[in-house]
Every structure is written in structure tokens, then in C-alpha cells.
Amino acid sequence: MKNIYIPLLLALLAFTSCKRILVSIITDKSIDSKIRVLENKETGKTLCFLPMIHIGKPEYYESVRKVIDSLRQEGYIVYYESVGYDEEPDSLTRDTIDRKVRKLIGFYFGSSYKDSSNNSLPKAITNSNYEMQDYKKIGVLETDKKVDLSIDSLIRRYEQDIKPIKLLPCDFETDLLEKYKCKDKEKYSDHSFYHTFRNDHITSEVLKSEDKKIMMVYGKSHWFSFWPRFNKNGYELVYGKI
């Protein structure tokens, strides 16, 4: 690591005592340049945001695992994202929800981003040089805390707060694994579905949590919504870049 980072390392030590994480950070500059640490002096809470990419190279996820393992040893509680169903719905309900999600985002993500039989996925996602994020491989445990909204609750929120998602004959006639080409005059935005609702919920849960050291393992794009929300509630950036 270049000497320019020494002041930041010292700040991190002073504010969070994360001696072990520094070892892991130094071994991988791509992780080092993206991790952020927030502190609220009034509440004594520290948040470490570890930005994730959901399709990446194996060595990236190995570096992530080292960071998670190190922070866990320092007493951090892992909070992670997952929009999976909280309870498995019946097959008809699930099929309808899957088709509404596809209408919003333009493809069906299925059980894996790497499913070669899923022709609806963008080709960039199925690139063989990359692999899908796997929570077990990066060190997330079943005892860690899933803090997110389920896919069915997101659809309900979208339809309640924005507008109903109307499925057309084409939506039902096109198999979920086929390339999605259905046209609709009605326009739907996936930003609220993917980000606004989830970020509001996650931020609220973290703010009211009694955990003093929280490691947030979320997609990197979430940071730009998390930062103003936490900053407004007394958190300051003590390591990393906005």
C-alpha cells in the first residue's frame, strides 16, 4: 500500500480498532479502495460498508472473505442483502411475481446468474470468466443477519406506492427462460423496486439496531443512497471515500 494511505489507516485504527481488517485490506487494493467506515460518536456505533459486486472473479471473493473473517474477529455483526422469498409461495403466485419482476427489470434472473439455459439473461452476466457471488464462499454464515426486503414484499410495495404491474398476454406466453421482447406502452421504473424501498428499509433497521459494530455486505450501488441517509443521522466518514 502506498504511503498516502497511512493517515487513513491510522484513523481507522483510532476510531474502530480494526487491526485485523487492515491486514486483509492491504493484501487487496481493489477492496481497500472501496471499503468505507462510518462512525456515530453520540451513539458509539460503527458501520463498515463492504461493497459487493454480484458477478466477479474468484480472487475478488476470496479477498472479501478475508475481510469478513477479520472483522468478525473484531466483534462486527454481519448484515447482508437478499431479496429471496421469506416464505416460499405457491407455484401460481411465484410465477406471477417472477413475471412482474421480469417486466420491471427486463429479464428473469432465476436461481442463478450463471444458468446457461436462461436465455433471458444479458450475455455479460453469463461470461464464463466470472462467477456468481456465493455467500458461503465469502464467509457469510446462517447466523448472520439478513436485513432486506423480500421479492414479494417489494412487488407489493411497488404496486401500492407507485402503480399496479399489468401483465399482458405476451408476458404469459413468453417462457421465463426465453429472451424477453414484450412491448408495453405502460412504463415501469425499476429504481424504486431495486433501490429506494430497500435502502429506506435497510437504513431504518440499521439505525434502530442495538449492535455497536455492524459490517454491511451490500451491492456497491447502495452506498450512494446509504451515505446521505446515515450522514443525516449523525454518522461521519472516518475511512474511505464518499
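Notes on the structure follow. Quantities reported herein were computed from a predicted structural model and do not represent experimental measurements.

**Focus: helix H8 (residues 191-208)**
Inference 1: With 18 residues, H8 should cover 26 Å at 1.5 Å per step; its first-to-last C-alpha distance of 25 Å lies within 8% of that length.
Inference 2: Along H8, the residues classified as buried are Ser192, Phe193, His195, Phe197, Arg198, Asn199, Ile202, Thr203 and Val206.
Inference 3: At its buried positions, H8 is contacted by strand S2 (45-52), strand S4 (77-80), helix H5 (91-105), helix H6 (151-161), strand S7 (213-219) and helix H9 (223-232).

**A short note on the packing of H5 against H6**
The angle between the axes and the distance between the axes are what describe a pair of packed helices.
Inference 1: At a minimum axis separation of 10 Å, H5 and H6 run at an interaxial angle of 65°. Once H5 is placed against H6, the crossing between them reads as left-handed. The segment H5 lies against H6, with Ile97, Lys100, Val101 and Leu104 engaging Ile151, Asp152, Ile155, Tyr158 and Glu159.
Inference 2: The residue makeup of the contact of H5 with H6, split by class, is six nonpolar, no polar and three charged.

**Observations concerning the pattern of salt bridges**
Inference 1: One pass over the structure, following the stated rule, counts 18 salt bridges.
Inference 2: Among the salt bridges present, the one from Arg99 reaches Asp95, with a minimum N-O distance of 2.8 Å. Taken as a pair, Arg99 and Asp95 lie in helix H5 at a separation of four residues, close to a single helical turn.
Inference 3: Residue Asp95 is classed as partly exposed on the basis of its relative accessible area of 24%.
Inference 4: A salt bridge links Asp148 to Arg198; the shortest N-O distance between them is 2.7 Å. One end of the pair, Asp148, is in the loop between strand S6 (145-146) and H6; the other, Arg198, is in helix H8, and 50 residues separate them in sequence.

**Observations concerning the nonpolar core**
Grouped burial of nonpolar side chains is what soluble globular proteins tend to show.
Inference 1: With 20 residues, the main nonpolar core has Leu50, Met52, Val64, Ile68, Ile138, Met215 and Val217 as its most contacted residues.
Inference 2: Only S2, helix H4 (58-73), S4, S7 and strand S8 (236-239) provide two or more residues apiece to this core.
Inference 3: Here the element with the most residues in this core is H4; it accounts for six residues.
Inference 4: Sequence-distant contacts of Met215, defined by excluding residues within four places in its chain, comprise Cys48, Leu50, Ile68, Leu71, Tyr76, Ile77, Val78 and Tyr79.

**Focus: the sheet that holds S7**
Inference 1: The mixed open sheet is built from six strands, whose spatial order is S6-S4-S7-S2-S1-S8. On the outer flanks of this sheet lie S6 and S8, each paired with one strand and no other.
Inference 2: With seven bridges joining them, S2 and S7 adopt parallel strand pairing. Bridge pairing in S7 places Phe49 opposite Met216.
Inference 3: Each of S2, S4 and S7 is contacted by H4, which is oriented at about 170° to S2, the strand it contacts most.
Inference 4: In this fold H8 packs onto S2, S4 and S7, with an angle of close to 170° to the strand it touches most, S7.

Procedures and definitions
Residues numbered from 1 in each chain as written. Predicted model: local features only at pLDDT ≥ 70, side-chain atom pairs only at ≥ 80, totals over all residues. Heavy atoms only, no water. Helix = DSSP H or I, 4+ residues; strand = E, 2+ residues; numbered from the N terminus. Expected span 1.5 Å × (residues − 1). Buried < 20%, exposed > 50% of the residue type's maximum accessible area, 1.4 Å probe, protein only. Contact = heavy atoms within 4.5 Å. Axes fitted to C-alpha atoms, helices over the stretch in contact; angles between N-to-C directions. Left-handed = near helix turned anticlockwise from the far one by under 90°. Nonpolar A, V, L, I, M, F, W, Y, C, P; charged D, E, K, R; others polar. Salt bridge = Lys/Arg side-chain N within 4 Å of Asp/Glu carboxyl O. Core = buried A, V, L, I, M, F, W, Y, C linked by side-chain atoms within 4.5 Å. Pairing = 2+ DSSP bridges.

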